[in-house]
Amino acid sequence: AQSVTQLDSQVPVFEEAPVELRCNYSSSVSVYLFWYVQYPNQGLQLLLKYLSGSTLVKGINGFEAEFNKSQTSFHLRKPSVHISDTAEYFCAVVPIYNQGGKLIFGQGTELSVKP
Amino acid sequence: EPEVTQTPSHQVTQMGQEVILRCVPISNHLYFYWYRQILGQKVEFLVSFYNNEISEKSEIFDDQFSVERPDGSNFTLKIRSTKLEDSAMYFCASSPQPRGTEAFFGQGTRLTVV
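Being a predicted model, the structure only gives us computed values, none of them experimental. (Residues numbered from 1 in each chain as written. Chains lettered and ligands numbered in written order. Predicted model: local features only at pLDDT ≥ 70, side-chain atom pairs only at ≥ 80, totals over all residues. Heavy atoms only, no water.)

Undergrad: Quick question: what am I supposed to make of the side chain of Asp85 of chain A here?
TA: All names here are of chain A. The topology assignment puts Asp85 in the loop between β9 (73-78) and β10 (87-95). Note on Asp85: relative accessible area 2%, which makes it buried. A polar contact is formed between the side chain of Asp85 and the side chain of Lys78, at a distance of 2.8 Å. Not counting residues within four places of it along the chain, the set of residues in contact with Asp85 comprises Phe63, Lys78, Leu111 and Val113. (Helix = DSSP H or I, 4+ residues; strand = E, 2+ residues; numbered from the N terminus. Buried < 20%, exposed > 50% of the residue type's maximum accessible area, 1.4 Å probe, protein only. Polar contact = N/O pair within 3.5 Å; in protein donor to acceptor, adjacent residues only side chain to side chain. Contact = heavy atoms within 4.5 Å.)

As structure tokens, then:
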């Protein structure tokens, strides 16, 4: 079975500061990794994904994440956040073997950017 | 830009009543999903659907739940006899392929059982 842990439920930061949202996963099989963002009153939107290749992946809105297999982590980073980045962020995995593509989500991290 | 649409955005129902949550996936997608998020908890997988049949379901998805693609465009989730603990945000998603491609999510239906 797989599980995803997002270590911080809330992260308050000031505008233009850097931010890191942490994600660790547990799996006995290889997985694909995703970060989704949910803005207030909206659905989940894909930020970025890691399937294979370079362990540093870049996504939309200036976000990037680094896959670390030895630490089973996939932390999300942004060097300078904006007020508009205020949202809930979800880390998720899909086992490579899974035929149906079931996403397994972490608990979510609420990013609050203050002026 | 194509999007997944869900209706209604908010539904209030009495315990024991049947509800149907509706979704229109992106037209050329083949894989369809329902997830739910109870307030303050994780987004949880309920069911995946491909080629007009369930491909996987979670242990949450018991006999009171069913899914259907009645007309080739809509994808519905029916809860036969709602319980208080069914109160949650329900998300529909679709993707052109499983696993490595992006799942596109709708805005969700907030179900409140009273």
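Having seen the structure, we can now continue with the description.
Undergrad: Explain the pairing of strand β6 (residues 53-57) of chain B to me, please; I cannot follow it from the model alone.
TA: In summary, the side chains of a regular strand alternate between the two faces of the sheet. Across 4 bridges, strand β5 (residues 43-50) of chain B lies against β6 of chain B in antiparallel orientation. In the sheet register, Val47 of chain B faces β6 of chain B, and the bridge partner there is Lys57 of chain B. (Pairing = 2+ DSSP bridges.)

Undergrad: Would you take a moment to explain the layout of surface pockets for this structure?
TA: A probe as big as a water molecule, rolled over the atoms, marks out the empty space that is left. Of the volumes computed, that of the largest pocket is approximately 950 Å³. Surrounding the largest pocket, 41 residues form its lining, Gln38, Tyr39, Gln42, Gly43 and Leu44 of chain A being those nearest its centre. Broken down by secondary-structure element, the contributors of at least two residues to the lining of the largest pocket are β6 (44-50), β10 and β12 (109-114) of chain A together with β1 (5-7), β9 (88-95) and β10 (104-105) of chain B. Considering every element that reaches the lining of the largest pocket, the biggest residue donor is β6 of chain A, with 4 residues. Considering only residue class, the lining of the largest pocket consists of 18 nonpolar, 17 polar and 6 charged. Roughly 360 Å³ of internal volume is contained in the second largest pocket. Taken together, 19 residues form the lining of the second largest pocket, with Gln2, Lys102 and Ile104 of chain A together with Phe45 and Ser58 of chain B sitting closest to its centre. The dominant element in the lining of the second largest pocket, judged by the number of residues it contributes, is β5 of chain B, at 3 residues. (1 Å grid on protein atoms, 1.4 Å probe; cavity = no way out; pocket = protein on both sides within 12 Å on 5 of 7 lines; lining within 4 Å. Points joined across faces, edges and corners; volume = space filled by probe spheres on them. Nonpolar A, V, L, I, M, F, W, Y, C, P; charged D, E, K, R; others polar.)

Everything listed here is a matter of coordinates, which is why it stays silent on function.
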